Amino acid sequence: MAPGSCEGALMNAPDRAAADIRSLESVANGDREALAFLYDRFTPLLFPVALRITGSSADAEDVMQEVWVQVWRRASSFDAARGSVPAWLMTITRSRALDHIRSRSARTKREEVAEPPKQSAPDPGRSAESESVRAKLRAAFEELGPERAQVLELAYWEGLSQSEIAERTGSPLGTVKSWTRQGLERMRKLLPDGDWW
Amino acid sequence: MAKHERHPELDLVAGYVLQALGPQDEARLLAHLMEGCEECEAALRDLSDATVAVGGSAPSAMPSDALRSRVLSDPRISGSAGASSDGGDGRDSGTDADARSRRAQERTPLRPRDGARTGGGRAMAGMLAAACLILAFGNYWFWQKAGEFRAERDAVQQTLREVEAELSAKEWIPKMVTAPGTDCYDLALTGSIDAPLNGTACFAKESGAAVVLLAELRPPSGRDYELWVLRGSVPTSLGVITADDEGRAAIRLDAIPDASAITAFAVSLEPAGGSPEAAPTGPVVMVAPVTS
Ligand SMILES: [Zn+2]
């Protein structure tokens, strides 16, 4: 069973993380309520990633549908020893979104979206908190310096491999590898505990 | 941070969490993790969280309210078990399959290991019951999708091409049970030993059916190669591999349990008879990551 929302509101970060794992276990056992719970809980975190990569809210919604189908089917492959539930879900979202633009790129070019298309209104209190963390993360990204930011940008948002990045930027592969690591390590330090999204 | 410097694999962890590694690097890292490195495992968790910080820099946005019911009413998300699409043991039925199974077991180069593994014992038993092995190159499968097979084949290494040529020359009639969604993955050398091994693992994630082809398999005396699957950080042995005189082996697994959770196939070099533990004790020599 998915933890109820009242219980959720009272939990601290480690409890929440444990509850997320239990929800995923329930999903693996075929509990659709647990899937709905995870959908509600993580959509504000995941949808922006799908939207940023695909550049279209219709495409991002298609991506999210594939993401949740994959979560439903592959929940048993989640390995808590390798990372958190949000990290796992975000990795799936990013992969499906990158797959989506790869399959689309033959037909249409990606359109940059200056502002996200119409969406349902988020909870104003939450979204203010979320937006402030997001702004901080964006600022931190810029502060990585142009090289590390570019390497992370190409790897994370465009899905380039490290050797493709080396080729694109003209930097040695070894340098690309260490910039990636340094960039990620710095970003990690700025990630707040708990549900900031 | 400095303590990590003795692990050149640490830089690979960053690329791994971004899915940006080349196959060689990915194999090297997975082998390193499989051999056990707590620092790199910790880094994996940490850097995996770091990707949330990168993804979290995207501007907030929410989908339309309609998406929720669209997702939850998706026919692929049915009321039955989440793993339903991977349900069943994936074994085909019918006399052909039975005959194939018998024939395979008569000369199985994949030896069940002595003693049940703790924990995975039941899974192992199921797996070994489902597993049957075709002695190298007496038999070989073509995937029904000939076009796909050719594309995959071009990507694998020279020895495997020779095998196909040899079989064509023998006019051996291909006969293969094909599961939809079969993909082939190169077993990349990890560089942990100096041997020209090569191989490929073809795997249907939904059914758990797999064929692993290996060549140049010549273990030093007193040692054996052992085949593994990884589910995240957890290895499970598929048994010791016995090659033919030419150093080749073709291993067929009809239904690997919990197939959707498999993240890689791997080969390690172990003491004769296989690893005495639930994980590889010798160097992991080849890895084929299974992408989702
Ligand atoms: Zn290490």
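Model, not experiment: these values are computed from the prediction. (Residues numbered from 1 in each chain as written. Chains lettered and ligands numbered in written order. Predicted model: local features only at pLDDT ≥ 70, side-chain atom pairs only at ≥ 80, totals over all residues. Heavy atoms only, no water.)

A.B. asks: Outline helix α2 (residues 23-34) of chain B, listing residues and values.
C.D. replies: Helix length check: α2 of chain B (twelve residues) gives 16 Å between terminal C-alpha atoms against 16 Å at 1.5 Å per residue, within 8%. The element α2 of chain B is extensively covered by neighbouring structure, given that nine of its twelve residues are classed as buried. (Helix = DSSP H or I, 4+ residues; strand = E, 2+ residues; numbered from the N terminus. Expected span 1.5 Å × (residues − 1). Buried < 20%, exposed > 50% of the residue type's maximum accessible area, 1.4 Å probe, protein only.)

A.B. asks: Please give an account of the environment of Leu-173 of chain A that cites residues and values.
C.D. replies: Residue and element names in this part refer to chain A. Along the chain, the position of Leu-173 falls in helix α9 (residues 173-189). C-alpha separation for the pair Leu-173 and Gln-162, spaced eleven residues apart in sequence, amounts to 6.9 Å. For Leu-173, the residues in contact, after removing those within four places along its chain, are Gln-162, Ser-163 and Ala-166. (Contact = heavy atoms within 4.5 Å.)

A.B. asks: Describe in detail the state of the cysteines, supporting the description with residues and values.
C.D. replies: Residue and element names in this part refer to chain B. According to the stated counting rule, one finds one disulfide over all chains in the structure shown. In this model, Cys-184 is linked to Cys-202 through a disulfide, with the two sulfur atoms separated by 2.0 Å. In this structure the cystine formed by Cys-184 and Cys-202 twists about its S-S bond by roughly 105°; its chirality is therefore right-handed. In this pair, Cys-184 is assigned in strand β3 (residues 182-189) and Cys-202 in strand β4 (residues 198-204), connecting sequence segments 18 residues apart. As far as the burial class goes, Cys-184 and Cys-202 line up, both buried. (Disulfide = S-S within 2.5 Å.)

A.B. asks: Now, about the pairing of β4 of chain B: what can you tell me, with residues and values included?
C.D. replies: Residues and elements named next belong to chain B. With seven of seven residues buried, β4 is to be regarded as a mostly interior element. Side-chain alternation along β4 places Asn-198, Thr-200, Cys-202 and Ala-204 on one buried face and Gly-199, Ala-201 and Phe-203 on a second face that is also buried. Inspection of the sheet shows β3 paired to β4 by six bridges, in the antiparallel sense. Residue pairing across strands places Leu-187 opposite Gly-199, the latter belonging to β4. Across six bridges, β4 lies against strand β5 (residues 210-215) in antiparallel orientation. Looking across to β5, one finds that Ala-201 is bridged to Val-212. Connecting β4 to the next strand, β5, in antiparallel fashion are five residues, including Gly-208 with a positive phi near 80°. (Pairing = 2+ DSSP bridges.)

A.B. asks: Give a detailed account of helix α5 (residues 85-105) of chain A, specifying residues and quantitative values.
C.D. replies: Residues and elements named next belong to chain A. Taking 1.5 Å of rise per residue, the 21 residues of α5 would be expected to cover 30 Å, and the 30 Å separating its terminal C-alpha atoms lies within 8% of that figure. The buried count for α5 comes to 15 of 21 residues, which makes it a mostly enclosed element. Where α5 begins, the capping side chain belongs to Ser-84, and its oxygen is found 3.2 Å from the backbone nitrogen of Ala-87. (Polar contact = N/O pair within 3.5 Å; in protein donor to acceptor, adjacent residues only side chain to side chain.)

A.B. asks: Got a sec to walk through the confidence of the model for chain A? Specific residues and values, please.
C.D. replies: Should pLDDT be low for a region, the predicted coordinates there are not to be read in detail. All names here are of chain A. The pLDDT averaged across chain A works out to 86; a share of 84% of its residues lies at or above 70. When pLDDT is averaged over each helix and strand of chain A, the minimum, 50, is found for helix α1 (residues 5-10) and the maximum, 96, for helix α3 (residues 32-54). Residue range residues 1-8 is modelled with pLDDT below 50. Its contacts to residues more than four positions away, or to other chains, number 13 contacts. Confidence over residues 110-117 falls short of pLDDT 50; this stretch has ten contacts with residues more than four positions distant or in other chains. (pLDDT = per-residue confidence, 0-100.)

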